[in-house]
Amino acid sequence: MKYLPLVWRNLGRNPLRSVLTAAAIALAIALVCILRTMPAGLDAILASAAANTRISTHNEAGIVYSMPYSYLAKVRAVPGVVAAISWNWFGGALDLTKGVEFPNFAVDPDGFAEVYADWGLEPKVLEDFRKYRDAALVARQTLEKHRWKVGDVITLQSTVFPVTLSFRIVGANPNQGGALYFQREYLEQALAGAGVQFDTTGMIWSRVDDPERVAPVMRQIDEMFRNSEAITSTETEKSFIGNFFGGLKQLVTIIQIVAALVTLCIVFIAANTASMSIRERVGEIAILKAIGFRRQTIFSTLLAEAGLLALVAGIIGAVAAFGMLKALQLYATGAGPQLGPLTAFAVSNAILVQAIFIAFFIGILSGWVPALGASRRSVAQTLREVF
Amino acid sequence: MIDLVNVSRLYHRGADEIHALERVSLHVERQRFVALMGPSGSGKSTLLNVLAGLDRPNSGEVTVAGKRLNEMSEDQLAAFRAHTVGFVFQFFNLIPVLNGVENVELPLLLTNLGKAERRQRAETALRIVGLADRGDHRPRELSGGEQQRVAIARSIVTDAELIVADEPTGDLDAKNAEEILSLLQTLRRDFAKTVVIVTHDPRAEKWVDEVIHLDKGVLLEKRPGGAARGAAGAAG
C-alpha cells in the first residue's frame, strides 16, 4: 500500500494518455456488460411472453404457407385441447407508404379468451370483442404510441388482401409485439364482397389443459395431418417465439465474438500504452533499482499501474453500462411502452463483477510483458545507455 | 570501507571486447572523500558501479562495508544498495511526478518506517542540504543546483555509509558545482560518510582527500587531494 501514491502519481504523468487508455478500456467493458445481458434478456422476454400450455400449429413448410381452415375444427376435437383459434396475417397499414407499423391478425373470437386466459382480459372487453363484428383488441404499447383510446375507429389497408377495413377499438391486450386482433368473420365478409374466397388459416393457436399433455397433444395434431395436403408442425409458444429470436441469438453470438475481438484489441492498445509509458522512463526505473528497489518491487509497481488504470476504467465502464441499461429500462417502462421487451435487459451484479474482473485482467495482461522487461533490465547497462 | 582486489570488467560490444577495468586493486578508508578521475572511457564509472553494487566484475574481489559483493544475489545487492549506498547522478535523476520531499522519501519506502517517520527523516535530510523550504516543489520548479541538493538529500536519507556520485557537478555552473562539492565534503566531515565521486571537474581536486587516476581501465595513480594537503598543512 505504501507504493500506491507512487503508482497513482505515475498514472498522472501523462494525463491525456491515461484518460484515453482508460476510455478505451471503459468502452470495451461497457460493451461487454451490455452484450452479456442480451442472452439473458432474450430468455427473459421468451419466458415472460410464452405460456407453457399454449401451442402453435402451422404449415411445416413455414408460417408464410397457409393451411385449410377446416383444420381448426379437427384441432379443437383433439383430446386435451381446451380451445383453439385461427390466425391470419392481415398486414394492415395505416399508411401504405409507411408499411405495416404493428402486426395485425384476423382471429376467431370464440376461444380467444381461453387461448389467452393468461392475458387476464376483462369480461366486458371480451364480450365487446365478440359482440361487434368490427371490434379490435389493440396492444397497449400500440395504443399509447398512436395515442388511441377505446372507442376510437381506425382504418387499415391490407397489404395481403384486396380490402380496407375500419376497426372499433374495444380494449387493450398485453401483447409485447404490439399486435392488433380482430374478428376473422369481419375479414371473411369483406373478402366475400370483393369476390375472394377465404378458407385458409395461417396458424392455429391452442391451449392444452395440462402442461404434461402438451407434448402428446402436439404429436397427435401433427400425426393427424401427416398425409394431408398441408403437413403441419406444432410447437410450444416458447419454441415458436424462440425461433423468431433464433436469428437474433445468432446475431448476438456474432456480436459477442466481435466484442471479444474488440476486447483483445484493447489489450493490445493497453499493452502498447504500458510499453510506451515504461520505455519513456527506463532511466527512472534504473535509478529506482540503483537506490535499492528490488526487481520484484519494480515489477509489482509497474503491473499495479496497468492494473489500477484498467480497474478504474472497468468500474467506470461497468457503471456506465449499468446506467445506460437502467435508463433504457426506465424509458421502456415509462415514456415508451412500445419498448416494453427492453425492460428485460438488466445488467446483473454478477455481470458487473465479471466485467470489472475482465478489466483488471486486461490491465495485468497488458502490463505483464513491459513490466517484466523493465524489471529484468540491468541497472549498470541502462545507466550507461540512458545517461 | 572499500576493498577491491584485482577487479576486472569486460564488456562485449558487437564482436569487440572492451576491457573497462583491468586488475584494479583499491583500498578506501572510512570517512574519506575520493575522486575517481580520468579521460572518457577510462573505466571510472564502471569502477564506481562495481564498488556500489550496481555492476559485477568478471573477476576479482569486491568488499564494501565488510560485505563481499561477489557472492550476493541480485536481491541481496539491491538490499545492500538500499542500506549501505547513497547515489547521486549527473542529471539529478529525480522522479518528476514527485515533489522534493517525496523524492527524498523514496528510498525510505524500502524500510519498515511508518509514513510520519519517513516524512520526518526526509525533511531532516532536506534541511541538511539547505532546502527545508523547497520540499513541496516538483523537480521542474527547482534549479539544477537545487535538484542536485535534493538528490544528495535522497542519498543520505537512509543514513547510508557510502555516498557515490557520478559527475555530480557535470551539469552545474561553477558556483553550484562548488556548493555541491562543499556539501559532499560536509557529509564526509560532519556526518562521517565515505564519499566517492567520478568527475572530470578539476575543481573537485581541492575538495577531496584522495584523487585516483584511471586510464584504459588501469589504475594509474593515487595521490592526496586538496583537502588532505590542507589538513596536512594545518597539522604541520
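Attention in this report is confined to the structure presented alongside it. Computed from a predicted structure; not experimentally measured.

Conventions and cut-offs
- Residues numbered from 1 in each chain as written.
- Chains lettered and ligands numbered in written order.
- Predicted model: local features only at pLDDT ≥ 70, side-chain atom pairs only at ≥ 80, totals over all residues.
- Heavy atoms only, no water.
- Helix = DSSP H or I, 4+ residues; strand = E, 2+ residues; numbered from the N terminus.
- Contact = heavy atoms within 4.5 Å.
- Areas by Shrake-Rupley, 256 points an atom, 1.4 Å probe, with all protein chains shown as cover.
- Phe/Tyr/Trp six-rings, centres within 6.5 Å; stacked < 30°, edge-to-face > 60°.
- Buried < 20%, exposed > 50% of the residue type's maximum accessible area, 1.4 Å probe, protein only.
- Lys NZ or Arg CZ within 6 Å of the ring centre and 35° of its normal.
- Pairing = 2+ DSSP bridges.
- Buried area = accessible area lost by both parts, 1.4 Å probe.
- Salt bridge = Lys/Arg side-chain N within 4 Å of Asp/Glu carboxyl O.
- Polar contact = N/O pair within 3.5 Å; in protein donor to acceptor, adjacent residues only side chain to side chain.

1. Notes on the overall build of chain A
Turning to step 1, where the next piece is worked out: The number of helices and strands found in chain A is 13 helices and twelve strands.
Turning to step 2, where the next piece is worked out: Contacts spanning at least 24 positions in sequence make up 78% of the contacts within chain A whose residues lie at least 6 apart.
Turning to step 3, where the next piece is worked out: For chain A, the accessible surface area stands at approximately 18400 Å², while carbon and sulfur atoms represent 61% of it.

2. Examining the packing of aromatic side chains
Residues and elements named next belong to chain A.
Turning to step 1, where the next piece is worked out: If you walk through the whole model with that rule in mind, you get 23 aromatic pairs over all chains.
Turning to step 2, where the next piece is worked out: On the basis of an interplanar angle of 75° and a centroid distance of 5.1 Å, the ring pair of Phe 90 and Phe 182 is categorised as edge-to-face. Of this pair, Phe 90 sits in the loop between strand S3 (81-89) and strand S4 (92-93) while Phe 182 is found in strand S9 (residues 180-183), placing the two residues 92 residues apart along the sequence. The same class applies to Phe 90 as to Phe 182, namely buried.
Turning to step 3, where the next piece is worked out: Put simply, the rings of Trp 87, Trp 89, Phe 105, Phe 112, Tyr 116, Trp 119, Phe 129, Tyr 181 and Trp 205 pair up and form one aromatic cluster.
Turning to step 4, where the next piece is worked out: Across from the ring centre of Tyr 132, 4.0 Å away, lies the NZ or CZ of Arg 168, which sits over that ring.

3. Thoughts on the pairing of strand S9 (residues 210-215) of chain B
Regular strands place their side chains on alternate faces of the sheet.
Turning to step 1, where the next piece is worked out: Looking at chain direction, strand S3 (residues 33-37) of chain B and S9 of chain B are connected through four bridges and run parallel. For Leu 36 of chain B, the partnering residue across the bridge sits in S9 of chain B and is Ile 212 of chain B.

4. Re the interface of chain A and chain B
Turning to step 1, where the next piece is worked out: Taken together, the 21 residues of chain A in the interface contact 27 residues of chain B.
Turning to step 2, where the next piece is worked out: For the pair chain A and chain B, the summed buried area comes to about 2300 Å², and 64% of that belongs to carbon and sulfur atoms.
Turning to step 3, where the next piece is worked out: Considering only the surface of chain A that becomes buried against chain B, Lys 2, Arg 9 and Ile 291 of chain A emerge as the three largest contributors, covering 27% of it.
Turning to step 4, where the next piece is worked out: Counting across the interface, chain A meets chain B through two salt bridges.
Turning to step 5, where the next piece is worked out: In this structure, the salt-bridge partner of Glu 102 of chain B is Arg 9 of chain A, at a minimum N-O distance of 2.6 Å.
Turning to step 6, where the next piece is worked out: Our count for the chain A to chain B interface comes out at eight residue pairs in polar contact (both at pLDDT 80 or more).
Turning to step 7, where the next piece is worked out: Put simply, the parts of the chain that give the side of chain A that touches chain B at least two residues each are helix H1 (4-11), helix H10 (282-290) and helix H13 (379-386) of chain A.
Turning to step 8, where the next piece is worked out: In terms of residue count, H10 of chain A provides more of the side of chain A that touches chain B than any other element does, five residues in total.

Geometry only, nothing functional implied.
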